[in-house]
Amino acid sequence: MFGRRKDAVYRILATKKRAVALQSLSAELETPAPAVFRAVKELESDGLVEVFYGQDKAAIMVRAKTIGDYI
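Residues numbered from 1 in each chain as written. Predicted model: local features only at pLDDT ≥ 70, side-chain atom pairs only at ≥ 80, totals over all residues. Heavy atoms only, no water.

1. Quick look at the nonpolar core
Note on soluble globular proteins: their nonpolar side chains tend to be buried together.
Part 1 of the argument: Ranked by internal contacts, the top residues of the largest apolar core, which has 17 residues, are Val9, Tyr10, Leu13, Leu25, Val40, Val49 and Ile60.
Part 2 of the argument: Looking at this core, the elements that each hand over two or more residues are helix H1 (2-16), helix H2 (22-29), helix H3 (33-45), strand S2 (49-53) and strand S3 (58-62).
Part 3 of the argument: Here the element with the most residues in this core is H1; it accounts for 5 residues.
Part 4 of the argument: The contacts of Leu25, once residues within four sequence positions are left out, are Val9, Ile12, Leu13, Val20, Val36, Val40 and Ile60. (Core = buried A, V, L, I, M, F, W, Y, C linked by side-chain atoms within 4.5 Å. Buried < 20%, exposed > 50% of the residue type's maximum accessible area, 1.4 Å probe, protein only. Helix = DSSP H or I, 4+ residues; strand = E, 2+ residues; numbered from the N terminus. Contact = heavy atoms within 4.5 Å.)

2. Considering the packing of H2 against H3
Part 1 of the argument: At a minimum axis distance of 9 Å, the contact between H2 and H3 shows a crossing angle of 110°. The angle between H2 and H3 falls in the class roughly perpendicular. Facing H2, whose interface residues are Leu22, Leu25, Ser26 and Leu29, H3 presents Ala33, Val36, Phe37 and Val40.
Part 2 of the argument: Split by residue class, the contact of H2 with H3 holds 7 nonpolar, 1 polar and no charged. (Axes fitted to C-alpha atoms, helices over the stretch in contact; angles between N-to-C directions. Parallel < 35°, antiparallel > 145°, perpendicular 65-115°, else oblique. Nonpolar A, V, L, I, M, F, W, Y, C, P; charged D, E, K, R; others polar.)

Right, dumping it as structure tokens:
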């Protein structure tokens, strides 16, 4: 189950082409923010995304160029 969530989060991030706020990603996925955050942290540990922590929110930026980089 978690692997599919991670894949879904990555696919959405890869199509954005820009940084995305964690809150907006959570709303788009209709998934609670803690679950999305866990998936994003796993993607970050895989080196596929980078998370920037600001005063009010976290922004997520994709490092990999294509979904093929993920697979």
